[in-house]
Amino acid sequence: MAWQGNVAAMPVQMQMYYQGAGNTTGTTTGSQGEVAEPVVNFLKWFYHFIEKREIYHVENMYEDGYYKISDFYFKDKPWPSPEVVQGIVEEKDEACIFMILYRELYYRHIYARLKPTLEHRFDSYANYCELFSYLLTAEEPVKIELPNKWLWDIIEEFVYQFQNFQQFKSKAGKINDEEKSMLRDDEDNVWKVTAVLNILLQLTEKCNINAQLIAAKKGEPITEEIAGEFGMKPIYAVTGFFSLVGLLRLYVLLGDYHMALSCIEHVQFKDKDMMALVPACQITANYYAGFAYLMIRKYGNTIQLYQHILGYMQRTKQFFQNRSFQADDINKKNEQMLALLAIASTFCPLRLDESVNIQIKEKQGDKVARIQHGDMAVYDDLFFSGCPKFLSPVVSENPTSPFGSSGPRGLQLQVFKAEVEQQRLIPTLRSFLKLYTSIPISKLAKFLDMHENEVRCCLMAFKHKKRSCKRRQYRSTTMDIDFYVDKDMVHISDTKIA
């Protein structure tokens, strides 16, 4: 299996590495057995480029070489142990930044391709703490440079491994006695929710990322007075921005939607600079922000975000298909957002882009039709199809406590179903109101087969549910029509054009 690409255009040392891949005749022996020569070459050059801070070559080797070597040599087994790699690159200090970064890749590969043990989970957390401590405790900005994609993957994987650990602890019946003993003896509170949140918050504060985003929104240049000494360095500013998205994701998983949205208060989702640095970050931010808006009844915001990002994903579809390790995740997010967009559209019927509308009809058309015919059970299917895997900040050894057998996900579904039930008659009411400029409540009651007092309550619910509170003490509406009640008459204003 030979490497693809323009080998002749690369530096000589890179040509040696790429031409060597797939050639297993040469090996190096370590504690895990023999390491193929192309892997040894890769590790040595990777170490060299990171130490010399040659960001272009680091980016190529990370985004191309690492994944290809993983597919070819380590599809169903781990990379060489950190101890073996330390000997290969002839590095005496196991705490050097290359070894920290290699261990991050080593454990990430285990999570992605194999089944991590409890010891792997503990060691990976310790390594992340060491990596973030390297950035946060430095008296002056560190001199290392890393690709934006790698920085995003570090933050995303950090949150994912926390999520995975909480899910692992919640399955008390599948944990053996030795693992239970290790968890009880855990004095460092590994993967504790407050510790994870604290690390992400420190990364955002280290570079004054919110102050930078406020200045950027105003069109002001980013100066050292605004960003600080650390914030002027790309590795800190970019990591800080990605940490905001990590906080957004984490708070959504914990069910704190207002706090999640406060983390990205100053983020511009159509920003061509920060938000567009890594496509996967852009998709993740839009997905979790859109879901948070949905859960606090800001359906118009959900529709706006999802229309934008689904259109972007459609345009860049070929880009992700060429990266098989990303394609599955991107396709899953696409399916989830279409399901959630179908829900938001029933509560707030706005005009959708044609391309997005076609996708909804293809993927969720039958469910949307069932909703229109009054089948409320479809909301459960759409919600479970689109929602993330929620977490509990406190894990009990009793699998039925405190959320019941369905866990945090079931609790969030209950909250959502209560909202659906409260809005059950609103689509029907809206359809009648759109036909008139004014209508007596008595006549509307006959159409709905309800008592007049019940219609008044329904009209009040319509007003309430279609308004959402903003932080500046005023309210915004998600209605495409407006009306007011004067004694026994409902007066409807002109329909807004969405």
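Quick look at the structure, then. (Residues numbered from 1 in each chain as written. Predicted model: local features only at pLDDT ≥ 70, side-chain atom pairs only at ≥ 80, totals over all residues. Heavy atoms only, no water.)

**Thoughts on the overall build of the protein chain**
Here is step 1: Along the protein chain, the regular secondary structure elements total 23 helices and 7 strands.
Here is step 2: Buried residues in the protein chain amount to 50% of all 498 residues.
Here is step 3: Sequence separation of 24 or more characterises 69% of the internal contacts of the protein chain that already satisfy a separation of 6 or more. (Helix = DSSP H or I, 4+ residues; strand = E, 2+ residues; numbered from the N terminus. Buried < 20%, exposed > 50% of the residue type's maximum accessible area, 1.4 Å probe, protein only. Contact = heavy atoms within 4.5 Å.)

**As for the environment of N210**
Here is step 1: Note that N210 resides in helix α10 (residues 209–217).
Here is step 2: Between the C-alpha atom of N210 and that of H266, which follows or precedes it by 56 residues, the distance is 6.6 Å.
Here is step 3: Excluding residues within four positions of it along the chain, N210 makes contact with L244, C263 and H266.

**What about the pairing of strand β6 (residues 483–486)?**
Here is step 1: As paired elements, β6 and strand β7 (residues 489–492) share 4 bridges and run antiparallel to each other. Residue pairing for β7: Y484 is matched across the bridge by H491.
Here is step 2: Where β6 folds back on β7, the antiparallel hairpin that results is connected by 2 residues, among which K487 adopts a positive phi of roughly 60°. (Pairing = 2+ DSSP bridges.)

**Re the sheet that holds β6**
As a general point, the strands of a sheet are linked pairwise by backbone hydrogen bonds and lie either parallel or antiparallel.
Here is step 1: Spatially, the 3 strands line up as an open sheet ordered β3-β7-β6, and their pairing is antiparallel. Each of the sheet's edge strands pairs with one partner strand only, and the pair in question is β3 (438–440) and β6. In this sheet, neighbouring strand axes are inclined to one another by 20° on average, regardless of whether the strands run parallel or antiparallel.
Here is step 2: Two elements, β3 and β7, share 3 bridges in a ladder whose sense is antiparallel. Residue I439 lies in a different strand from β7, and its bridge partner there is V490. (Axes fitted to C-alpha atoms, helices over the stretch in contact; angles between N-to-C directions.)

**Observations concerning a negative patch on the surface**
Here is step 1: On the surface, a cluster of negative charge is contributed by E139, E140, E224 and E229.
Here is step 2: One can find E229 in helix α11 (residues 224–231).
Here is step 3: A relative accessible area of 43% means that E229 is categorised as partly exposed. (Patch = residues over 30% accessible without salt bridge, like charges linked within 9 Å, V, L, I, M, F, W, Y side chains within 5 Å. Areas by Shrake-Rupley, 256 points an atom, 1.4 Å probe, with all protein chains shown as cover. Salt bridge = Lys/Arg side-chain N within 4 Å of Asp/Glu carboxyl O. Lys, Arg positive; Asp, Glu negative; His and termini not counted. Charge placed at Lys NZ, Arg CZ, Asp CG, Glu CD.)

**Notes on the pattern of salt bridges**
Here is step 1: Evaluation of the coordinates by the stated rule reveals 10 salt bridges.
Here is step 2: Taking the shortest distance from any N to any O, the salt bridge between D71 and R113 comes out at 2.6 Å. Taken together, the residues D71 in helix α3 (residues 55–73) and R113 in helix α5 (residues 97–113) connect sequence positions 42 residues apart.
Here is step 3: Overall, the relative accessible area of 34% leaves D71 in the partly exposed class.
Here is step 4: One salt bridge in this structure joins E130 and R103, with 3.4 Å as the shortest N-O distance. Here R103 lies in helix α5 and E130 lies in helix α6 (residues 118–136), a separation of 27 residues in the sequence.
Here is step 5: Given a relative accessible area of 13%, R103 falls into the buried group.
Here is step 6: Connected through salt bridges with shared partners, the residues E104, R108, K149 and D153 form a single ionic network.

**Observations regarding the packing of α10 against helix α12 (residues 234–254)**
Here is step 1: Here α10 crosses α12 at 95°, and the two axes come no closer than 9 Å. The angle between the axes of α10 and α12 places the two elements in the roughly perpendicular class. In this structure, α10 contributes I209, N210, Q212 and L213 to the contact, and α12 contributes A237, G240, F241 and L244. (Parallel < 35°, antiparallel > 145°, perpendicular 65-115°, else oblique.)

**Brief notes about the packing of α5 against α6**
Here is step 1: It is the contact of α5 with α6, at a shortest axis distance of 10 Å, that shows an interaxial angle of 145°. Along this stretch, α5 crosses α6, giving a crossing that reads as left-handed. Here I97, I100, L101, R103, E104, Y107, I110 and Y111 of α5 lie close against α6, whose contacting residues are H120, R121, D123, S124, N127, Y128, E130, L131 and Y134.
Here is step 2: Tallied by class, residues from the contact of α5 with α6 come to 9 nonpolar, 3 polar and 5 charged. (Left-handed = near helix turned anticlockwise from the far one by under 90°. Nonpolar A, V, L, I, M, F, W, Y, C, P; charged D, E, K, R; others polar.)

**Overview of unusual backbone geometry**
Here is step 1: With phi around 55°, W191 is a residue other than glycine that occupies positive phi space.
Here is step 2: Mapped onto the elements, W191 comes out in the loop between α8 (177–184) and α9 (193–206).
Here is step 3: Taking relative accessible area as the criterion, W191 reaches 0% and is therefore assigned buried.
Here is step 4: Its identity as a non-glycine residue notwithstanding, K487 has a phi of 60°, on the positive side.
Here is step 5: Relative to the elements of secondary structure, K487 occurs in the loop between β6 and β7.
Here is step 6: For K487, a relative accessible area of 70% translates into the label exposed.

**Section: a positive patch on the surface**
Here is step 1: A cluster of like positive charges, contributed by K115, K171, K174, K332, K389 and R409, occupies part of the molecular surface.
Here is step 2: On the secondary structure map, K332 appears in helix α17 (residues 324–347).
Here is step 3: The exposure class of K332 is partly exposed, given its relative accessible area of 45%.

**Comments concerning helix α15 (residues 299–315)**
Here is step 1: End to end, α15 covers 24 Å across 17 residues, agreeing with the expected 24 Å (1.5 Å per residue, within 8%).
Here is step 2: The buried count for α15 comes to 12 of 17 residues, which makes it a mostly enclosed element.
Here is step 3: Every buried residue belonging to α15 is among Y299, G300, T302, I303, L305, Y306, Q307, I309, L310, G311, Y312 and M313, and all of these are buried. (Expected span 1.5 Å × (residues − 1).)

**A look at the side chain of T302**
Here is step 1: In this fold, T302 is placed in helix α15.
Here is step 2: The class of T302 is buried, set by a relative accessible area of 0%.
Here is step 3: Among all residues touching T302, those that are not within four sequence positions of it are G290, Y293, L294 and A344.

**Some words on the nonpolar core**
Here is step 1: Counting 141 residues, the largest nonpolar core has F46, W79, F98, W150, F241, F291 and Y306 as the members making the most contacts within it.
Here is step 2: Sort the elements by how many residues they give to this core and α12 lands first, with 15 residues.
Here is step 3: If sequence neighbours within four positions are ignored, Y306 has contacts with N286, Y287, G290, F291, M337, L340 and L341.
Here is step 4: Judged by nonpolar contacts, the second largest core, of 17 residues, contains I426, L433, A445 and I481. (Core = buried A, V, L, I, M, F, W, Y, C linked by side-chain atoms within 4.5 Å.)

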